[in-house]
Amino acid sequence: MSTDRIQFLRSKLAQYPDFPKKGILFEDIMPIFSDPKSFGILIDLLVELIQKEFKEIDVVVGLEARGFLFGPTLALRLNAGFVPVRKPNKLPGDLATITFKKEYDEDAFAMQKSSIKPGQRVLIVDDILATGGTALAADELILQLNGSLLGHVFLMELGFLEGRKRLKAPTFTLFSGQSEAPKGSEFA
Ligand SMILES: O=P(O)(O)OC[C@H]1O[C@H](OP(=O)(O)OP(=O)(O)O)[C@H](O)[C@@H]1O
Ligand SMILES: Nc1ncnc2[nH]cnc12
């Protein structure tokens, strides 16, 4: 049953109050990756979700850094390519770039212009949807490169931040995380 498998994954998550700054309740997904059984379940659940919601994916785009933990494995299972969205000064060549704000910081992303061919069907994957700033920046890069943006898949969503409302394509998550702003949050 997928409910049991989702509960099993949830039991692996750890939460850290006031990290990386006061008012943020940090969701640590790393225990899923240090346990091969959990990682296997995670990949199976994501493949099932993606195959139910999307048809014919050409490219899985993963967002640095945590989208790199499972994006390439998913792409292989889906018989799609994997393309990274990277933080600044990491990629060579002709780049598309963008700056953005996320739950606890500001950042910038880059993609190689040649990494997506016009019209390729792209699925974006990342671990957590919070304010949506990160995923929206990735949407804009894919659109700049004339990719066909199919949608997004996340492990977890922090519902109180309503990030999904900002995104430019359908959005699915395996499970929901915090539904209310943590005490002391600037979003309370
Ligand atoms: O919806 P948002 O408010 O934009 O936040 C979500 C993003 O924040 C985290 O990345 P982060 O850049 O902190 O770090 P990472 O390099 O560890 O993935 C997370 O992995 C998402 O990519
Ligand atoms: N609360 C949170 N925990 C872990 N990663 C995040 N990325 C954005 N918000 C986050």
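Residues numbered from 1 in each chain as written. Chains lettered and ligands numbered in written order. Predicted model: local features only at pLDDT ≥ 70, side-chain atom pairs only at ≥ 80, totals over all residues. Heavy atoms only, no water.

A. Fine view of the site of ligand 2. Taken together, the residues surrounding ligand 2 are Ile-24, Leu-25, Phe-26, Glu-27, Arg-66, Glu-103, Tyr-104, Ile-128, Ala-130 and Leu-158. Within the backbone of Leu-25, an N or O atom sits 3.0 Å from a nitrogen atom of ligand 2. The contact in question runs from a nitrogen atom of ligand 2 to an N or O atom on the side chain of Arg-66, over 3.1 Å. In isolation ligand 2 offers 270 Å² of accessible surface; the protein chains occlude 94% of this area. Top element by residues in the shell around ligand 2 is strand E2 (residues 25-28). It accounts for three residues. Within the shell around ligand 2, the residues separate by chemical class into seven nonpolar, no polar and three charged. (Near = heavy atom within 4 Å. Polar contact = N/O pair within 3.5 Å; in protein donor to acceptor, adjacent residues only side chain to side chain. Areas by Shrake-Rupley, 256 points an atom, 1.4 Å probe, with all protein chains shown as cover. Helix = DSSP H or I, 4+ residues; strand = E, 2+ residues; numbered from the N terminus. Nonpolar A, V, L, I, M, F, W, Y, C, P; charged D, E, K, R; others polar.)

B. Fine view of the site of ligand 1. Around ligand 1 sit 15 residues, and of these Lys-102, Tyr-104, Asp-126, Thr-131 and Thr-134 come closest. One of the side-chain N or O atoms of Tyr-104 is found 2.5 Å from an oxygen atom in ligand 1. Relative to its unbound accessible surface of 500 Å², ligand 1 loses 88% to contact with the protein. Breaking the shell around ligand 1 down by element, the ones donating at least two residues are strand E7 (121-129) and helix H5 (133-144). If you tally residues by element for the shell around ligand 1, the top one is E7, at three residues.

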